[in-house]
Amino acid sequence: MEPGKFVKPIRSGVLASALLLGAYFVVLTLVSGWEFARTQFAAYWYFVVALAVGFGVQFGLYSYLRRITRHTDASSKVVTVSGATSTGAMISCCAHYLTNVLPVLGATGVVALVAQYQVELFWVGLAFNLAGMFYVGRKAIEASRHMALMEGH
């Protein structure tokens, strides 16, 4: 195995993590301002960073898998679902402040429910991240073994 083949997937994973963190800060800043976003990050940084890193790992694994197999797989759906769950969990920490913006839409009850269970939503996001990492990681290992056998013949 050549070490260079991991550079692009690692770069993709780091970029995916950074983009997810960027989305977190943009949404929170737009909803409640920069100071609130900073305060929420300070309070929940371990969840937010773990979700972003987990998503980046999945994206990197998926990028590696696509690179070695040169075709798509159901793994892209796992990465998408996990990424959406991670983003939703990270944004849930500010959802209760949306009541100031969206009372006309009747979203107050939903927003209050999300705000009440924000830590639980973080845990759900982390569970989806772990499941996604195991699934895509397993597929990448299987594909690597298969490609090594194909090259051996």
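In this text the structure is predicted, and so the values were computed from the model without any measurement. (Residues numbered from 1 in each chain as written. Predicted model: local features only at pLDDT ≥ 70, side-chain atom pairs only at ≥ 80, totals over all residues. Heavy atoms only, no water.)

Student: Is there a simple way to explain the layout of surface pockets in this structure?
Tutor: Leftover empty space is mapped by rolling, across the atoms, a probe with the size of a water molecule. Estimates place the volume of the second largest pocket at around 160 Å³. For the lining of the second largest pocket, the secondary-structure elements that each account for two or more residues are helix 1 (7-32) and helix 2 (34-69). (1 Å grid on protein atoms, 1.4 Å probe; cavity = no way out; pocket = protein on both sides within 12 Å on 5 of 7 lines; lining within 4 Å. Points joined across faces, edges and corners; volume = space filled by probe spheres on them. Helix = DSSP H or I, 4+ residues; strand = E, 2+ residues; numbered from the N terminus.)

Student: Teacher, can you tell me more about the pattern of salt bridges here?
Tutor: Opposite charge on two side chains allows them to pair when their charged atoms are near. Under the counting rule described, the total for this entry stands at two salt bridges. For Glu 35, the salt bridge is made with Arg 38, and the minimal N-O distance between the two is 2.5 Å. Taken together, the positions of Glu 35 and Arg 38, both in helix 2 and three residues apart, correspond to about one turn of that helix. Judged by relative accessible area, Glu 35 falls into the partly exposed class, the value being 45%. Overall, the relative accessible area of 41% leaves Arg 38 in the partly exposed class. Where Glu 142 meets Arg 138, a salt bridge forms, and the shortest distance between an N and an O atom there is 3.3 Å. (Salt bridge = Lys/Arg side-chain N within 4 Å of Asp/Glu carboxyl O. Buried < 20%, exposed > 50% of the residue type's maximum accessible area, 1.4 Å probe, protein only.)

Student: Please explain the packing of aromatic side chains as it appears in this structure.
Tutor: Describing an aromatic ring pair means giving the distance of the ring centres and the angle of the ring planes. Evaluated as defined, the whole model comprises eleven aromatic pairs. Between Tyr 44 and Phe 122, the aromatic rings sit 5.4 Å apart at their centres with planes inclined by 40 degrees, giving tilted as the arrangement. Residue Tyr 44 is found in helix 2, and its partner Phe 122 is found in helix 5 (residues 118-152); the two are separated by 78 residues along the sequence. According to the relative accessible area criterion, Phe 122 is buried, its value standing at 0%. Chaining the aromatic ring pairs together yields one cluster made of Tyr 44, Trp 45, Tyr 46, Phe 47, Phe 122 and Trp 123. (Phe/Tyr/Trp six-rings, centres within 6.5 Å; stacked < 30°, edge-to-face > 60°.)

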